[in-house]
Amino acid sequence: TFFANTNRFFHKWMRDMRDSQSEFGAFPGVAPVAQYGNNMMRLGWADAGIISPWTVWKQFGDNTLIEENWAAMEKFVDYIDATNYSHESHVDENGNYQWADWLSYEALESHLPGVFIKDKNNKRTPCPDAAGYWNYLSACYWIIDAGMMRDMAAATGRDAAKYEQMTADAKAYIKDSFMNEDGTFKTAILNTMQTPALFALRNELVEGQAKEEMCARLRQNFVDHEGCLQTGFLGTSILMKTLTDNGMADVAYELLFQRKNPSWLYSVDNGATTIWERWDSYTYESGMQDAGMNSFNHYAYGAVCQWIWETAAGIAADTNDPGFRHIIMKPVPDRRLGHLEAEFKSAAGTIKSSWKYDGDIWVWNFTIPKGATATVTLPGETESKEFGPGIWLIRK
């Protein structure tokens, strides 16, 4: 949505999602289903039935996409609410398999040996730790889905309180089922991973001392991996914003500039001109990864671009007044980037953000289009100021 006007496309694609929805409310992992049979209720993928309309509404201010899909979205969210979005409740639909944090470098990644075992009937089944991890992740998406439904309900005059309560219920379920009082995970191996902590922080499941200790463990995890991320499709989608929102913008920038495997620049250094499915889809040293499942034009790791627009450039939409009629401008610069120039043709008009360093002074030029307003927070500050349309210059 930052690189093209995708609004109409998602009207069409959400029709594919509705056409593929089951009678119970399940969404598929791929729509149209095509060759991907038995892929309903794949956590993180099925949730695109909520995430996509919310994102398009936030970015373009288009309520009609909500109206077109409300019945289908409500049916899906009611379904996961009734089952706590547990993997076991949907085995007949998901084939007893999840993509989960696909192609991560962490324990319990769905390709790893030992993640699946044979049950008493000699059928493949996830090991207990993997099933528990999937249930934790799906419950995290239950929170995310309910929060997005709350926003969309409020925007269209519907009952937002229902989804506020659903969000609270999902959080309580996760804390009771998966977490200890000190903020650690009951399943010990999750405490050694990045993605579980990222989802806990993103969903505000820890606070106070427990949050501080989780952030410290997460920061140390990156150190232990030589400054590299370990996340797959789901963890990477929330990685950069979650780090920034929790006082680790320095870590986010280190990941942005990282050149070791896995990293974005590692792919570039090995010839990438598009976003790959794997962090190491091709290397000069070893050639191609598994050709049977190795897309060279994929979407997931491109999530970093959202952070570049919203955080590095400081151009973000406000769900209270979507479509960039009100802009959240909270740039987080870094001297290693040197300078940045961003121009975004939003639904409300062209927004510009350009910054550089002049010695010890940070110089920021930004443009707010006619009819729009912005809440501006300068780097290192917590208080915000309101700005109206015009071209503005700040030296700090």
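As a reminder, the structure under discussion sits directly above these lines.
Q: Quick one: what's the story with the sheet that holds strand S9 (residues 361-368), residue by residue and with numbers?
A: Strand pairing in a sheet is mediated by backbone hydrogen bonds. Such pairs are either parallel or antiparallel. Reading across from one edge, S7-S8-S9-S12 is the order of the four strands in this open sheet, with antiparallel pairing throughout. Strand pairing shows two members of the sheet lacking a second neighbour, strand S7 (339-346) and strand S12 (390-395), which therefore form its edges. Adjacent strand axes in the sheet meet at a mean angle of 10 degrees, parallel and antiparallel pairs treated alike. Pairing of S9 with S12, which is carried by six bridges, proceeds in the antiparallel orientation. Paired with Trp 364 across the bridge in S12 is Ile 394.

Q: A description of the nonpolar core should follow, citing residues and the corresponding values.
A: Tyr 136, Met 152, Leu 243 and Met 329 are the most contacted members of the largest nonpolar core, which has 119 residues in total. In terms of residues, this core owes the most to one element, helix H5 (residues 128-155), which gives 16 residues. Discounting residues that sit within four places of it in the chain, Met 329 has contacts with Gly 314, Ile 315, Ile 351, Lys 352, Trp 364, Phe 366, Ile 368, Ala 374, Thr 375, Val 376 and Thr 377.

Q: Break down the layout of surface pockets for me, citing the residues and quoting the values.
A: Any space left empty among the atoms is revealed by the rolling of a water-sized probe across them. The space that makes up the second largest pocket amounts to roughly 300 Å³. Together, 16 residues line the second largest pocket, and Trp 264, Val 268, Ile 275, Tyr 301 and Val 304 are the ones closest to its centre. Elements represented by at least two residues in the lining of the second largest pocket include exactly helix H11 (264-269) and helix H12 (304-312). Here the lining of the second largest pocket is composed, by residue class, of 12 nonpolar, three polar and one charged.

Q: Could you give an account of the environment of Leu 234, naming the residues involved and the relevant values?
A: Looking at the secondary structure, you find Leu 234 in helix H9 (residues 233-245). For the pair Leu 234 and Asn 39, spaced 195 residues apart in sequence, the C-alpha to C-alpha distance is 17 Å. Other than its neighbours up to four places away in sequence, Leu 234 contacts Leu 43, Gly 44, Trp 45, Ala 100, Asp 101, Leu 137, Tyr 141 and Phe 199.

Q: Go over the sheet that holds strand S5 (residues 316-317) with me, naming the residues and quoting the values.
A: Strand order across the open sheet formed by four strands is S5-S6-S10-S11, with mixed pairing between neighbours. The open sheet has two edge strands, S5 and strand S11 (385-387), and neither has a second partner.

Q: Which residues make up the pattern of salt bridges, and what are the values?
A: Tallied over the entire structure, the rule returns 15 salt bridges. Across the pair Asp 358 and Arg 395 runs a salt bridge, and its minimum N-O distance is 3.5 Å. Taken together, the positions of Asp 358 in strand S8 (residues 349-358) and Arg 395 in strand S12 put the pair 37 residues apart, joining distant regions of the chain. The class for Asp 358 is partly exposed, based on a relative accessible area of 41%. Among the ionic contacts, a cluster of salt bridges with common partners joins Glu 74, Asp 78 and Lys 162.

Q: Residue-level account of the side chain of Glu 93, with values.
A: As for its position among the elements, Glu 93 is in helix H4 (residues 91-94). In terms of polar contacts, Glu 93 uses its side chain to reach the side chain of Tyr 79, at 2.9 Å. If sequence neighbours within four positions are ignored, Glu 93 has contacts with Ser 22, Phe 24, Ala 26, Asn 38, Asn 39, Met 40, Met 41 and Tyr 79.

Q: Break down the packing of aromatic side chains for me, citing the residues and quoting the values.
A: Taken as a whole, this structure holds 35 aromatic pairs when the rule is applied. Between Phe 233 and Tyr 299, the ring centres sit 5.7 Å apart and the planes meet at 75 degrees, which makes this aromatic pair edge-to-face. Remark: Tyr 299 occurs in the loop between strand S4 (287-288) and H12 and Phe 233 occurs in helix H9; sequence separation between them is 66 residues. Residue Phe 233 is classed as buried on the basis of its relative accessible area, which comes to 5%. Between Trp 355 and Tyr 357, the aromatic rings sit 6.0 Å apart at their centres with planes inclined by 80 degrees, giving edge-to-face as the arrangement. Aromatic rings pair up to connect Trp 45, Trp 99, Phe 233, Trp 264, Trp 279, Tyr 299 and Tyr 301 into one cluster. Lying over the aromatic face of Phe 116, Arg 124 brings its terminal NZ or CZ to 4.4 Å of the ring centre.

Q: Help me get a handle on a negative patch on the surface, residues and values and all.
A: On the surface, Glu 181, Asp 182, Glu 212 and Glu 213 cluster together into a patch of negative charge. Turning to its location among the elements, Glu 181 is positioned in the loop between helix H6 (161-178) and helix H7 (195-202). Among the residues examined, Glu 181 registers a relative accessible area of 86% and is labelled exposed.

Q: Which residues make up H6, and what values do they have?
A: Compared with the 26 Å implied by 1.5 Å per residue over 18 residues, the 26 Å span of H6 between its first and last C-alpha is a close match. Within H6 the residues assigned to the buried category are Tyr 163, Met 166, Thr 167, Ala 170, Ile 174 and Phe 178. Angular distribution of buried residues about the axis of H6 spans 105 degrees; they occupy a single face of the element. H6 presents Ala 161 and Asp 176 as exposed residues on the side facing more than 90 degrees away from its buried surface.

What counts as what
Residues numbered from 1 in each chain as written. Predicted model: local features only at pLDDT ≥ 70, side-chain atom pairs only at ≥ 80, totals over all residues. Heavy atoms only, no water. Pairing = 2+ DSSP bridges. Helix = DSSP H or I, 4+ residues; strand = E, 2+ residues; numbered from the N terminus. Axes fitted to C-alpha atoms, helices over the stretch in contact; angles between N-to-C directions. Core = buried A, V, L, I, M, F, W, Y, C linked by side-chain atoms within 4.5 Å. Buried < 20%, exposed > 50% of the residue type's maximum accessible area, 1.4 Å probe, protein only. Contact = heavy atoms within 4.5 Å. 1 Å grid on protein atoms, 1.4 Å probe; cavity = no way out; pocket = protein on both sides within 12 Å on 5 of 7 lines; lining within 4 Å. Points joined across faces, edges and corners; volume = space filled by probe spheres on them. Nonpolar A, V, L, I, M, F, W, Y, C, P; charged D, E, K, R; others polar. Salt bridge = Lys/Arg side-chain N within 4 Å of Asp/Glu carboxyl O. Polar contact = N/O pair within 3.5 Å; in protein donor to acceptor, adjacent residues only side chain to side chain. Phe/Tyr/Trp six-rings, centres within 6.5 Å; stacked < 30°, edge-to-face > 60°. Lys NZ or Arg CZ within 6 Å of the ring centre and 35° of its normal. Patch = residues over 30% accessible without salt bridge, like charges linked within 9 Å, V, L, I, M, F, W, Y side chains within 5 Å. Areas by Shrake-Rupley, 256 points an atom, 1.4 Å probe, with all protein chains shown as cover. Lys, Arg positive; Asp, Glu negative; His and termini not counted. Charge placed at Lys NZ, Arg CZ, Asp CG, Glu CD. Expected span 1.5 Å × (residues − 1). Arc of directions from axis to C-beta.

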